[in-house]
Amino acid sequence: MSAVHPSDRQIIESWASGLQGPVLDAGCGPGHWTNHLHGRGLDAQGIDLVPDFIAHARSAFPGIRFRVASIDDIPEESGTFAGILSWFSTIHHDPDAIATPLGEFARILLPGGRLALGFFSGPEVEPFDHAVTRAFRWPPKALGDMLEDAGFSVVELHLRETRGERPVGTMICERRSDED
C-alpha cells in the first residue's frame, strides 16, 4: 500500500469505516485493497476478470476469498454486500456499456449500501491510451448521472489534480432503496 496516494487511502478508510457487513472489491487486481479492507476488520473479498491477478492475490493474501469473475455479471445474490469498492475497475468500459457494471453494483448492494468508485476525470467523456487498452475520462457530472440512473445517490465527490499526473476522482455513493 506504500504506492497508494495518502488522500486515496484516507477516502477509502473513511468510506470503509461506516460499513456493516460484507464488502466486495470489484475489479480487485492484485488484491492490495482487498487485503487492506480485510486488515481493517471487514469481511472483504475480491473479484477480477484477469486470472493472473487472482492467482497473485491468492498467493500474496492467503485466507482472503478471491475469484475470477466479471464486474458485468457478478455471481452473487441481490442485496449481498454492504459495500463495494470499484477502484478504477470501470475505466475500460465504453460509455455505452458502463451502465452494465453500475447496474450490477446496485443489484448486489443492500439498500443503503455504499459504493466507492475511482475514475479518471476530465472535461468530457473521452478515450485515452492506458496500459494495455483504451480507458475513458469522465466529467463528474456525467458519471454521477449514470450512477443516479443505476440507483445510487452520490454523497461525496473527491477530485485530485496533481501536476504531471492524470486527474482522478472518487465518488462515494449510497444505494437507494427500491421505494426511493
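Residues numbered from 1 in each chain as written. Predicted model: local features only at pLDDT ≥ 70, side-chain atom pairs only at ≥ 80, totals over all residues. Heavy atoms only, no water.

A. Layout of the overall build of the chain. Counting its regular elements, the chain contains 5 helices and 9 strands. Moving toward the C terminus, one meets the helices and strands of the chain in the order α-β-α-β-α-β-β-α-β-β-β-α-β-β. In terms of C-alpha radius of gyration, the chain reaches 15 Å, essentially the compact-globule figure of 16 Å for 180 residues. Overall, the chain is about 40 × 40 × 30 Å in size when its C-alpha atoms are taken along their principal axes. For the chain, buried positions account for 46% of its 180 residues. Excluding contacts between residues fewer than 6 apart, the proportion of contacts in the chain whose partners are at least 24 apart in sequence is 59%. Within the structure as shown, the chain displays about 8,700 Å² of accessible surface, and the carbon and sulfur contribution to it stands at 49%. (Helix = DSSP H or I, 4+ residues; strand = E, 2+ residues; numbered from the N terminus. Rg over C-alpha atoms; globule rule 2.2 N^0.38 Å. Buried < 20%, exposed > 50% of the residue type's maximum accessible area, 1.4 Å probe, protein only. Contact = heavy atoms within 4.5 Å. Areas by Shrake-Rupley, 256 points an atom, 1.4 Å probe, with all protein chains shown as cover.)

B. Seen up close, the pattern of salt bridges. One pass over the full model with this rule turns up 10 salt bridges. Put simply, Arg40 and Glu13 hold a salt bridge, and the shortest N to O gap is 3.9 Å. With Arg40 in the loop between α2 (32-39) and β2 (44-48) and Glu13 in helix α1 (residues 6-17), this pair connects stretches of sequence that are 27 residues apart. For Arg40, a relative accessible area of 41% gives the class partly exposed. You can call Glu13 partly exposed: its relative accessible area is 22%. Its salt-bridge partner being Arg67, residue Glu76 comes within 2.6 Å of it at the nearest N-O pair. Given a relative accessible area of 15%, Glu76 falls into the buried group. Because the salt bridges share partners, they merge into one network encompassing Arg114, Glu156 and Glu174. (Salt bridge = Lys/Arg side-chain N within 4 Å of Asp/Glu carboxyl O.)

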